[in-house]
Amino acid sequence: MAHESLLDQHKEKHFTAGEIVRDIIIGVSDGLTVPFALAAGLSGANVSSSIILTAGIAEVAAGAISMGLGGYLAAKSEADHYMRELKREEEEIIAVPDTEAAEIAEILSEYGIQPHEYAPVVNALRKNPQAWLDFMMKFELGLEKPDPRRALQSAFTIAIAYILGGFVPLIPYMLIPIARKALVASVLATILALLIFGYAKGHFTGNRPFRSAFQTALIGAVASAAAFGLAKAVQG
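Residues numbered from 1 in each chain as written. Predicted model: local features only at pLDDT ≥ 70, side-chain atom pairs only at ≥ 80, totals over all residues. Heavy atoms only, no water.

Concerning the overall build of the protein chain
Note the cut-off: Under the DSSP-based scheme used, a helix requires at least four consecutive residues in state H or I and a strand at least two consecutive residues in state E, with every element numbered from the N terminus. Burial here depends on accessible area, computed with a 1.4 Å probe over protein chains only, as a share of the maximum for the residue type. Under 20% is buried, over 50% is exposed, and the range in between is partly exposed. Note on definitions: a residue-residue contact is assigned when non-hydrogen atoms from the two residues lie within 4.5 Å.
Within the protein chain, the secondary structure is distributed over ten helices and zero strands. The N-to-C order of helical and strand elements in the protein chain reads α-α-α-α-α-α-α-α-α-α. With 236 residues in all, the protein chain has 33% of them scored as buried. For the protein chain, restricting intrachain contacts to residue pairs at least 6 apart in sequence, the fraction spanning at least 24 positions comes to 74%.

This is how it looks when you write it as structure tokens:
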């Protein structure tokens, strides 16, 4: 058909991995800032690099598990919500079909479609219950069918991203035994990582990359400075 050949010739380029990118952003941003702040805070308390490294690794492990579990539960809740609404909408189509058909007409009219134009669409959907149900879920409730693998995928993506981000500020403590010197290297490594991550985040999310890089690095710097200052205050 003509419209099919046109669609074959014109392939739109849209970024469709939004959920995965969101999980990576959550994991890496927390992974970079939380262990960084912890290590900076402990450095301010005049402890050795080995102690900071042990505490940092423990925090990364606990944080990855906690963040991954949070991602799993969030995705699972979204899937459960979708299934509840799907069941309710299915029951309404059976119990009050005329009301549901009127809702289709109302939805289409909001797009400027006239009654004589949407009437055939309404009738066609009434003859196809599954398409009718899909239409109501998407256009009335604004819900997309979730990927059944989404919960586990989210958990693993966030956890791995957290681990990868979390080890960046800890690597200097593996190589430099004096905590104060390791702190300087950790600050430089983490700020560089935050700038790179912020730039990439801005690029993929459609925001201004350089502004995103600056904001991300600033948040990490403020978090670590606050932790370092608090540790020094408690020590003093």
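There is more to say after this.
Some details on the side chain of Arg150
For Arg150, the location among the structural elements is in helix H7 (residues 150-167). Using a relative accessible area of 4% as the deciding quantity, one classes Arg150 as buried. With near-sequence residues (within four places) excluded, Arg150 lies in contact with Glu19, Ile20, Arg22, Asp23 and Ala75.

As for helix H5 (residues 115-126)
Worth spelling out the cut-off: By this rule, a helix spans an expected 1.5 Å times one less than how many residues it contains. Arc definition: it is the arc formed by the directions from the helix axis to the C-beta atoms.
With twelve residues, H5 extends 16 Å between its outermost C-alpha atoms, agreeing within 8% with the 16 Å of an ideal straight helix rising 1.5 Å per residue. Turning to H5, its buried residues are Tyr118, Val122 and Leu125. One side of H5 holds all its buried residues, which, seen down the axis, span an arc of 65 degrees. In this fold, the buried residues of H5 make contact with helix H4 (97-109) and helix H6 (129-140).

A few points about the nonpolar core
It is characteristic of soluble globular proteins that their nonpolar side chains tend to be buried jointly. Definition in use: The term nonpolar core refers to a set of buried residues drawn from Ala, Val, Leu, Ile, Met, Phe, Trp, Tyr and Cys, joined through side-chain atoms within 4.5 Å.
Membership of the largest hydrophobic core comes to 16 residues, with the highest contact counts inside it found for Ile104, Val122, Trp132 and Phe135. Listing elements by their share of this core, those giving two or more residues are helix H3 (49-95), H4, H5 and H6. For Ile104, the contacting residues outside a window of four places in its chain are Val122, Leu125, Trp132, Phe135 and Met136. Grouped together as the second largest cluster of nonpolar side chains are 15 residues, Ala40, Ile52, Leu170 and Tyr173 included.

Focus on the UniProt feature "transmembrane region" (unreviewed entry) in the protein chain
The criterion, for reference: UniProt positions are given in the numbering used here, feature names are shortened, and annotations may be inferred rather than shown by experiment.
Sites flagged by UniProt as "transmembrane region" (unreviewed entry) map to residues 20-45, 51-75, 155-176, 182-200 and 212-231. Secondary structure across residues 51-75 comprises 100% helix and 0% strand; the distance between its end C-alpha atoms is 36 Å. Secondary structure content for residues 155-176 is 82% helix and 0% strand, and the end C-alpha separation is 33 Å.

Let's talk about the side chain of Glu85
Residue placement: Glu85 occurs in helix H3. Filtering out sequence-adjacent residues up to four positions away, Glu85 remains in contact with Met137, Leu141 and Leu143.

Re a nonpolar patch on the surface
Inclusion rule: Each patch is built from residues that are more than 30% exposed by relative accessible area and take part in no salt bridge. Like charges join if they lie within 9 Å; nonpolar side chains (Val, Leu, Ile, Met, Phe, Trp, Tyr) join within 5 Å. We get accessible surface area from the Shrake-Rupley algorithm with a probe of 1.4 Å; when it comes to residues, only the shown protein chains can shield them. Just to be clear on terms, a salt bridge is a Lys or Arg side-chain nitrogen sitting within 4 Å of an Asp or Glu carboxyl oxygen.
A contiguous nonpolar patch, built from Ile57, Ile171, Met174 and Leu175 and spanning about 380 Å² of accessible area, is present on the exposed surface. At three residues, the largest contribution of residues to the nonpolar patch is made by helix H8 (residues 171-175).

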